[in-house]
Structure formats: C-alpha cells, structure tokens
Amino acid sequence: MMAYNHVRLRKFNTKITYPEQNLDNDLSMSVRAGNQVFLRGQVGQDLQGNMVGVGDARAQTEQAMKNVKQLLEEQGARLEDICKITIYLTDRAYRDDVYQVVGKWLKGVYPVSTGLIIDGLARPEWVMEIDVWAVIPDERMDKLPAPPASLEWRDAKNKAAGAKGGTGRGAGRGAGRKTAGRKAAKK
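Keep in mind the model is a prediction, meaning the values are calculated, not measured.

A.B. asks: Looking at this model, I keep getting lost on the packing of helix H2 (residues 57–74) against helix H3 (residues 95–105). Mind explaining?
C.D. replies: How two helices pack is summed up by the angle between their axes together with the distance between the axes. Contact pair H2 / H3: the axes reach a minimum separation of 8 Å and the direction vectors enclose 30°. It follows from the interaxial angle that H2 and H3 lie roughly parallel. As for how H2 packs across H3, the hand of that crossing is right-handed. On H3, the residues that touch Ala57, Arg58, Thr61, Glu62, Met65, Lys66 and Lys69 of H2 are Asp97, Val98, Gln100, Val101, Val102, Lys104 and Trp105. Of the residues in the contact of H2 with H3, the class split is 6 nonpolar, 2 polar and 6 charged.

A.B. asks: Just checking my understanding: could you explain the nonpolar core for this structure?
C.D. replies: Where a protein is soluble and globular, its nonpolar side chains tend to be buried together. Core analysis: the largest hydrophobic core is formed by 33 residues, its most contacted members being Val68, Leu72, Ile82, Ile85, Val102, Leu106 and Ile130. Within the residue set of this core, elements represented by two or more residues are strand S6 (36–39), H2, strand S7 (82–89), H3 and strand S9 (128–135). It is H2 that contributes the most residues to this core, 6 residues altogether. In contact with Ile82, not counting residues within four places along its chain, are Val68, Leu72, Leu106, Val109, Pro111, Val132, Trp133 and Ala134.

About the criteria used
- Residues numbered from 1 in each chain as written.
- Predicted model: local features only at pLDDT ≥ 70, side-chain atom pairs only at ≥ 80, totals over all residues.
- Heavy atoms only, no water.
- Axes fitted to C-alpha atoms, helices over the stretch in contact; angles between N-to-C directions.
- Helix = DSSP H or I, 4+ residues; strand = E, 2+ residues; numbered from the N terminus.
- Parallel < 35°, antiparallel > 145°, perpendicular 65-115°, else oblique.
- Left-handed = near helix turned anticlockwise from the far one by under 90°.
- Contact = heavy atoms within 4.5 Å.
- Nonpolar A, V, L, I, M, F, W, Y, C, P; charged D, E, K, R; others polar.
- Core = buried A, V, L, I, M, F, W, Y, C linked by side-chain atoms within 4.5 Å.
- Buried < 20%, exposed > 50% of the residue type's maximum accessible area, 1.4 Å probe, protein only.

Structure below.
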C-alpha cells in the first residue's frame, strides 16, 4: 500500500490574518494530498492580502485566477489539472464578467463546474470566490520537486506563531510524493 503525506503550503492563522474578526483557525492556502490539490477559495485579493478591484467583478476574477495558477504551480499542478470548480457570486449581475474571465483562463480544460448565487462572502468588498480541486496526472507525480520552505508559511507573523506551537500542526513540508514505505503524516 502506498502512503501519502499532505503538503500544506502558505499556512496561516485567522487570528493574525483577520484581526478584526473573532476567529482562531489554522488554515492553508493549498493542500496536496497524494496527487490531489485543494485550494482555499480565491477572491479579488492578492496572495499578500491586498484587495484588488473593489466593485469590479472582472478585476477580482482576474486576480483570483492569477492566484489559482500560482498556488497550483507551487504544489506541482497546472491549470489543465483542474477537475472541479465552484464559483460563488454575490449578485447574478456579475455572472457574465466572472464566467468570461474564468473561461479565458480555463480554455480547453473542461472542468466540471458549479455556480452559486449567495448573500455574501467573508468580506463585503468581495463579489466572487472560486474554489478549485485539481488532480496531478500520475506520470508527473514522481518528478515533482519539494516545494521551497519559504512557501510553508504565509507571512512572518504566522511563522512566528507556528514556532510557538500556535499553527504548525500537520505540516509535511517537502512531502507528498508517491513512495512505497513512507509513513503517512500524523493528524
């Protein structure tokens, strides 16, 4: 039986990332489990947390898709590995702009897709969010390099919190390749 470790990149804690909210959750921007890659929902915010395109669904979607591409590549995946997307919109009026941008980025990929119109997202300035699930083909799995250690944490504050025992559980940095005899990561 093959064992897989989880590769969790850009880990953070919501207490540090969203100080205005009363939350304390340990999260990652991406997780690779075996050959599957799961991304945190991406919005109109860059990977450093800067808002892009307030009130502009097209600009927010462009940023979200830039993030998707970068996060997948950090895990050894590509846009063409995407199998499933879920798109959340805060207003049906944003549908054309959002789907045109997503369609441009995923031309020829043919993922399955679910679209939802919802009352709101975590921040009022966000008008769309995309959730992505990708699967890396087996023939590329053995060739994946270990992600650089610099991608383990989202920022210095979160890394410092993890060093104090606040957010470092289940890291698995450098893990994730399919190998016989490797022990599975502890929960």
